[in-house]
Amino acid sequence: MKLKIDTQFLLDLCVSAFFALFSMKMLTFIIPLGVTRSFLVGGYKAVGLVLIILFIIFSVSWFYNKDFKFKKKIELPKIKDFLLLALPMSPVINYALINSEYLLPSGLLYLIGITLIFVIFLSFILPVLFSYFASYNILMISGLALSFTILSMPKIYVGYYLLGDRFLTQGIYLIFSFAIVYLLYLFDKRLTYLTLIFFMITGIFFNFLNHTFNSSTKVQKSERLIKFLNNKNNIIINKKNVYILSYESYANLETHNFYGFDNSDHINFLEGIGFKVYHGIYSSASASEGSLSKTLDINSNIYPPYDGPKTPIFKPYLSGNSFSTDIFKSNGYKTIGLYYHGFYWSKPIGWDEHHPNEVVGDLGGKIITNSIFEGNFRHDVFSDYSSYEDYLELKKKYLTSSEKQTLFFTHNKWPGHSQNSNRCLPNEKEIYYEGLKTANKEMKNDVLDIMNNDPNSIIVLTGDHGPYLTKNCMWLKDFYETSEIDKYDIQDRYGTFLSIYWPKDILDFENNIQMTHDIFPAILSRITNNNNLFDELKVERRLAWDWEIDVTIPGINVYDGIIEGGKDNGKPLFDIRSYNLDN
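The following refers to the structure shown. Predicted model only: the values in this text are computed from it and were never measured.

Points about the state of the cysteines
Okay, step 1: Counted under the stated rule, the structure contains one disulfide.
Okay, step 2: For Cys 424, the disulfide goes to Cys 473, at an S-S distance of 1.9 Å. With the S-S dihedral at roughly 105°, the linkage between Cys 424 and Cys 473 falls on the right-handed side. Of this pair, Cys 424 sits in the loop between strand E5 (406-411) and helix H17 (428-453) while Cys 473 is found in the loop between strand E6 (458-463) and helix H18 (487-494), placing the two residues 49 residues apart along the sequence.
Okay, step 3: Taking the relative accessible area as the measure of exposure, Cys 424 reaches 29% and is therefore partly exposed.
Okay, step 4: For Cys 473, a relative accessible area of 0% corresponds to the buried category.

Regarding a nonpolar patch on the surface
Okay, step 1: A contiguous nonpolar patch, built from Leu 49, Ile 52, Ile 56, Val 60, Phe 63 and Tyr 64 and spanning about 690 Å² of accessible area, is present on the exposed surface.
Okay, step 2: Looking at the secondary structure, you find Tyr 64 in helix H2 (residues 35-64).

A closer look at the pattern of salt bridges
Okay, step 1: Going through the model one piece at a time under the given rule, you end up with 16 salt bridges.
Okay, step 2: Of the charged contacts in the structure, one is a salt bridge between Lys 396 and Asp 449, with a shortest N-O distance of 2.9 Å. Here Lys 396, found in helix H16 (residues 388-399), pairs with Asp 449, found in helix H17; they are 53 residues apart in sequence, far enough to count as distant.
Okay, step 3: The exposure class assigned to Lys 396 is partly exposed, which follows from its relative accessible area of 44%.
Okay, step 4: With relative accessibility at 14%, the residue Asp 449 sits in the buried group.

Here we look at the side chain of Ser 142
Okay, step 1: Positionally, Ser 142 belongs in helix H5 (residues 136-151).
Okay, step 2: Ser 142 gets classed as buried once you look at its relative accessible area, which sits at 10%.
Okay, step 3: Setting aside residues no more than four positions away along its own chain, Ser 142 makes contact with Ser 16, Phe 19 and Phe 178.

Considerations on the nonpolar core
Within soluble globular proteins, side chains that are nonpolar tend to cluster in buried spots.
Okay, step 1: Core analysis: the largest hydrophobic core is formed by 121 residues, its most contacted members being Ile 244, Phe 328, Ile 458, Ile 490, Ile 523 and Leu 524.
Okay, step 2: The contacts of Ile 244, once residues within four sequence positions are left out, are Leu 407, Phe 408, Phe 409, Thr 410, Val 460, Ile 519, Phe 520 and Ile 523.
Okay, step 3: Counting residues in each nonpolar core, the second largest holds 32 residues, with Tyr 243, Val 277, Leu 399 and Phe 497 among its members.

Remarks on the packing of H5 against helix H7 (residues 166-187)
Okay, step 1: Direction vectors running N to C along H5 and H7 enclose 145°, while the axes themselves pass 9 Å from each other. Of the two elements, H5 crosses H7, and the hand of that crossing is right-handed. Contacts between H5 and H7 involve Asn 137, Ile 138, Met 140, Ile 141, Ser 142, Ala 145, Leu 146, Phe 148 and Thr 149 from the first element and Gln 170, Tyr 173, Leu 174, Ser 177, Phe 178, Val 181, Tyr 182 and Tyr 185 from the second.
Okay, step 2: Taken together, the residues of the contact of H5 with H7 sort by class into twelve nonpolar, five polar and no charged.

A word on the packing of helix H11 (residues 264-272) against H17
When two helices pack together, their arrangement is captured by the angle between the axes and the distance separating the axes.
Okay, step 1: As a packed pair, H11 and H17 sit with axes 11 Å apart at the nearest point and diverge in direction by 5°. One element, H11, and the other, H17, form an angle in the roughly parallel class. Here His 266, Phe 269 and Leu 270 of H11 lie close against H17, whose contacting residues are Asn 440, Met 443, Lys 444, Val 447 and Leu 448.
Okay, step 2: Here the contact of H11 with H17 is composed, by residue class, of five nonpolar, two polar and one charged.

Thresholds, definitions, all that
Residues numbered from 1 in each chain as written. Predicted model: local features only at pLDDT ≥ 70, side-chain atom pairs only at ≥ 80, totals over all residues. Heavy atoms only, no water. Disulfide = S-S within 2.5 Å. Helix = DSSP H or I, 4+ residues; strand = E, 2+ residues; numbered from the N terminus. Buried < 20%, exposed > 50% of the residue type's maximum accessible area, 1.4 Å probe, protein only. Patch = residues over 30% accessible without salt bridge, like charges linked within 9 Å, V, L, I, M, F, W, Y side chains within 5 Å. Areas by Shrake-Rupley, 256 points an atom, 1.4 Å probe, with all protein chains shown as cover. Salt bridge = Lys/Arg side-chain N within 4 Å of Asp/Glu carboxyl O. Contact = heavy atoms within 4.5 Å. Core = buried A, V, L, I, M, F, W, Y, C linked by side-chain atoms within 4.5 Å. Axes fitted to C-alpha atoms, helices over the stretch in contact; angles between N-to-C directions. Left-handed = near helix turned anticlockwise from the far one by under 90°. Nonpolar A, V, L, I, M, F, W, Y, C, P; charged D, E, K, R; others polar. Parallel < 35°, antiparallel > 145°, perpendicular 65-115°, else oblique.

Below, the structure written as structure tokens:
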């Protein structure tokens, strides 16, 4: 069909732009604070400028077209056009498939129902009101494009940014989805229906395959574990309680000094009661799931295909199905896993006891729906629906328990890291510093609870990764050249805190601990008859996963504590360190 650029078409464009502006402004009062609302705020301003230009052009055309008459007729949607829902609902169905472990039938119904109502209102009901002056079809497709862009926001957020600009990428999604669907619709409606249905089906198919692959990933007793258990020297002979307390994004001394934070009083407190503080420690992963999994499994080579830090492949290890937990269970230990929310769980659960007992229960649909509209599946979204006070009470209960031969593992929420929006908040460091004070208070209470109740135990205090406070407060790919990335940017993402209390009857020898993944090798080498166990179990000293070396710090790696690539190529990652670099 030949597209005629006439006065009515210009009016259609004007009204369509006004419709988009009105919808965006209206949604800023409804959509929760986050990535999507930021886009809508910037979007309605940009659309407003476009509207002014279109109105001027329309006014000129109207002035010269004396025969032009306003349409003045309300139009209603056609039943067949509801097939176009395939476009905006396709990302929703894919989110449901990927997150199926969090969705009960009621939660799935909530997710589909709320998003479907949103799309129908924005794409079919609201356009009716504006169709008095303009083509209903162009308004409907405007609503579909806007709905599709909003519901695709979590995918856009973690994807590739055109020219490194997220807002530009979001705008391209909106413009291209509108243009492609509108032109197809003008050319052949049936072809448009078939194209969008095909688009939805292919997305579901590929996500189903990917989800099936990840779901089928099982953590099985490996030859490595069997070999370990068959060595009599590896039997645990000094069966002390072991407490592993992980604090979210807790950085170490040198990195805190770089930020301008003085944490020396807390370090002095720990050293004053017998803890050894290890300096210059780092993880091979820059997100909690990867870092904690590699520590539990004593394996830095756990990494999935390139699909972002929240991959479900890590969850079996976090659920207690790991090399270290199997070792302790095989030696008669009771293993306990405690998190402050259920995001980390996947069945089967390997811990002998775990909390929370449910992943999210009936809240799954609400959590995922809110995350979609927020525009980002935040790392801490589950904490919005969890009681931290309950977590602290449970933790205190376990830390003051009289049970023997237990391995206790927990991960908290403080100090916390940046909000990962690719833009540092003006007070980002101040927020972290307040979180650090909270973490120090919690850590002090944790330590005193254990030492007053179980002073002969092994206590490990550790971070999982850095707080992301430098540059753009997020991963650096597409935003910074490799030559711009220095050692503090690497510390900021990988550097962690580590302090261990070794009871007096534990043999005191140096293991040259360098990474958080050395925690269990160091412990096992001291409570078995195998003094060489640390060297046998220690992980490879490098960043192994392509997400880390291609996205978080693109073009850079760390080998044996030495930086390879970037502004500080060839220099040690840390100047203040407790280990030797030549070992």
